[in-house]
Amino acid sequence: MIGDDVEVTVLDIRGDKVRLGIRAPSKVPVHRKEVYLAIREENARAAQPHEPALKEAVKLYKENTPRPPARDATAPENDAGR
Amino acid sequence: MDGAGCFHSAGGEPAAAGRDAGLVKLATARFGEVAAREDDIVFFPRGLLGFPDIARYAVIARPEDGPFRRLQAVERLDLSFVIADPLIFFPRYRLPAAAEQLRLIDLTVPADGIVAALFTVPRDPRLITANLQAPIVFNTRAHLAMQLILSAPEYTAAHRVFTKEEVPQGA
């Protein structure tokens, strides 16, 4: 047990491989280390945005979305008739 | 909870005259000085993954950033992230229920929640990616936020934004 509510059990031992089971309440997030590491790395990359590229991206976005979310404001009220 | 709606603009609105008290000036390393409203400062009880000790961030909306927002560390002026409403680029993106995890930020009323994705911006803008596996969830009422880790296998930490890529609907 880890604390009061996290239970670790050995599911299987085969040769030099051990399979572990982890039972924890859903408020305790359980993730594989690779997932954590991958996200940590992605966060580290995200912390270094290339500013000129971001500017370009804003342009790309505007070119690719001729009608941004503002369309709600311009939607005719009598749309219901269709 | 949806990702629609996106934060107030920082200092953009003609805030009540003379009420400067609510503004925090930040001389950021990346985009110069900005004024963040107290209301736009959020607290991450656990920080972001890899940045566990940095808890206070300002959400900055600048007109020149288009759909993007900056998540600027208040105490580390050289640290900021690019975020945006993921639905802008991935309309079918859905968060699986993560109610238990969201207790960390006291989020019990879905209407109080806003989801944002972190974007990685490399030199080539066409290669920008969104992290759909570890989105940020804000409790707008409590000014708390956290980075969730989803176990939905269809979402990864790097989805291309500007190339055709099928993003399957979440569970």
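Everything numeric here is computed off the predicted structure, so don't read it as measured data.

## Notes on the pattern of salt bridges
Next up, step 1: Scanning the model with the defined rule gives 14 salt bridges over all chains in all.
Next up, step 2: Residue A:Glu51 is joined to B:Arg70 by a salt bridge in which the shortest nitrogen-to-oxygen separation is 2.8 Å. Taken as a pair, A:Glu51 in helix H2 (residues 51-64) and B:Arg70 in strand E5 (residues 69-73) lie in two separate chains rather than in one.
Next up, step 3: Note on A:Glu51: relative accessible area 22%, which makes it partly exposed.
Next up, step 4: Measuring nitrogen to oxygen at the nearest pair gives 3.0 Å for the salt bridge that ties B:Asp65 to B:Arg62. Just as B:Asp65 is buried, B:Arg62 falls in that class too.
Next up, step 5: Taken together, the salt bridges that share partners define one network made up of A:Glu51, B:Arg30, B:Arg62, B:Glu64, B:Asp65 and B:Arg70.

## Remarks on the packing of aromatic side chains
Next up, step 1: Enumeration according to the criterion identifies 10 aromatic pairs over all chains in this entry.
Next up, step 2: With 6.2 Å between their ring centres and 55 degrees between their planes, B:Tyr57 and B:Phe81 make a pair best called tilted. In this pair, B:Tyr57 is assigned in strand E4 (residues 56-60) and B:Phe81 in strand E6 (residues 80-84), connecting sequence segments 24 residues apart.
Next up, step 3: Through a chain of ring-to-ring contacts, the aromatic side chains of A:Tyr61, B:Phe68, B:Phe89, B:Phe119 and B:Phe162 assemble into a single cluster.

## Quick look at the confidence of the model for chain A
Residue and element names in this part refer to chain A.
Next up, step 1: Mean pLDDT over chain A: 79, with 74% of residues reaching 70 or higher.
Next up, step 2: Across chain A, the secondary-structure element scoring lowest on mean pLDDT is helix H3 (residues 71-74), at 47, and the one scoring highest is helix H1 (residues 33-46), at 93.
Next up, step 3: Across residues 71-82, confidence stays below pLDDT 50; counting only partners more than four residues off in sequence or on other chains, it has zero contacts.

## What to know about the interface of chain B and chain A
Next up, step 1: Residue-level contacts link 38 residues of chain B with 27 residues of chain A.
Next up, step 2: In total, about 2,800 Å² of surface goes out of reach between chain B and chain A, with carbon and sulfur atoms giving 68% of it.
Next up, step 3: On the chain B side of the interface with chain A, the three residues burying the most area are B:Arg30, B:Leu49 and B:Val121, jointly 20% of the side's total.
Next up, step 4: The interface formed by chain B and chain A contains seven residue pairs in polar contact (both at pLDDT 80 or more).
Next up, step 5: Among the secondary structure elements, those contributing two or more residues to the side of chain B that touches chain A are E6, helix H1 (86-89), helix H2 (99-102), strand E7 (113-120) and strand E8 (129-139) of chain B.
Next up, step 6: Ranked by residue count, the leading element in the side of chain B that touches chain A is E8(B), at four residues.
Next up, step 7: Along the lines of polarity and charge, the residues of the side of chain B that touches chain A split into 22 nonpolar, nine polar and seven charged.

## A closer look at the environment of B:Phe51
Next up, step 1: Structurally, B:Phe51 is set in the loop between strand E3 (41-43) and E4.
Next up, step 2: On the basis of relative accessibility, which here comes to 15%, the residue B:Phe51 falls in the buried class.
Next up, step 3: With 28 residues separating them along the chain, B:Phe51 and B:Leu79 place their C-alpha atoms 10.0 Å apart.
Next up, step 4: Those residues within four positions of B:Phe51 in sequence are excluded, and the remaining contacts are A:Asn43, A:Ala44, A:Ala47, B:Tyr57, B:Leu79 and B:Phe81.

## With respect to unusual backbone geometry
Residues and elements named next belong to chain B.
Next up, step 1: Backbone geometry places Asp106, a non-glycine residue, at a positive phi of 55 degrees.
Next up, step 2: Within the secondary structure, Asp106 is located in the loop between H2 and E7.
Next up, step 3: Classification of Asp106 as exposed rests on a relative accessible area of 53%.
Next up, step 4: Despite not being glycine, His143 shows a phi value in the positive range, around 55 degrees.
Next up, step 5: By the secondary structure assignment, His143 is in the loop between E8 and strand E9 (144-147).

## Considerations on a nonpolar patch on the surface
Residues and elements named next belong to chain A.
Next up, step 1: A cluster of nonpolar side chains, contributed by Ile2, Val8, Val10, Ile13, Val18, Leu20, Ile22 and Val30, occupies part of the molecular surface with about 730 Å² of accessible area.
Next up, step 2: Only strand E1 (7-14) and strand E2 (17-23) provide two or more residues apiece to the nonpolar patch.
Next up, step 3: Relative to the elements of secondary structure, Val10 occurs in strand E1.
Next up, step 4: On the accessibility criterion, Val10 (51% relative accessible area) is exposed.

## So, the pairing of E1(A)
Residues and elements named next belong to chain A.
Next up, step 1: One ladder, built from seven bridges, connects E1 with E2; its direction is antiparallel. Opposite Arg14, over in E2, you have Lys17 as the bridge partner.
Next up, step 2: Between the antiparallel neighbours E1 and E2 lie two residues, among them Gly15 with a positive phi of about 60 degrees.

## Considering the nonpolar core
Next up, step 1: Ranked by internal contacts, the top residues of the largest apolar core, which has 30 residues, are B:Phe68, B:Phe89 and B:Phe119.
Next up, step 2: Within the residue set of this core, elements represented by two or more residues are H2 of chain A together with E6, E7, E8 and E9 of chain B.
Next up, step 3: For this core, the element with the highest residue contribution is H2(A), accounting for five residues.
Next up, step 4: If sequence neighbours within four positions are ignored, B:Phe68 has contacts with A:Leu54, A:Ala57, A:Val58, B:Val82, B:Ile83, B:Ala84, B:Phe89 and B:Phe119.
Next up, step 5: Listed in part, the 20 residues of the second largest apolar core include B:Phe51, B:Ile54, B:Phe138 and B:Ala145.

About the thresholds
- Residues numbered from 1 in each chain as written.
- Chains lettered and ligands numbered in written order.
- Predicted model: local features only at pLDDT ≥ 70, side-chain atom pairs only at ≥ 80, totals over all residues.
- Heavy atoms only, no water.
- Salt bridge = Lys/Arg side-chain N within 4 Å of Asp/Glu carboxyl O.
- Helix = DSSP H or I, 4+ residues; strand = E, 2+ residues; numbered from the N terminus.
- Buried < 20%, exposed > 50% of the residue type's maximum accessible area, 1.4 Å probe, protein only.
- Phe/Tyr/Trp six-rings, centres within 6.5 Å; stacked < 30°, edge-to-face > 60°.
- pLDDT = per-residue confidence, 0-100.
- Contact = heavy atoms within 4.5 Å.
- Buried area = accessible area lost by both parts, 1.4 Å probe.
- Polar contact = N/O pair within 3.5 Å; in protein donor to acceptor, adjacent residues only side chain to side chain.
- Nonpolar A, V, L, I, M, F, W, Y, C, P; charged D, E, K, R; others polar.
- Patch = residues over 30% accessible without salt bridge, like charges linked within 9 Å, V, L, I, M, F, W, Y side chains within 5 Å.
- Areas by Shrake-Rupley, 256 points an atom, 1.4 Å probe, with all protein chains shown as cover.
- Pairing = 2+ DSSP bridges.
- Core = buried A, V, L, I, M, F, W, Y, C linked by side-chain atoms within 4.5 Å.

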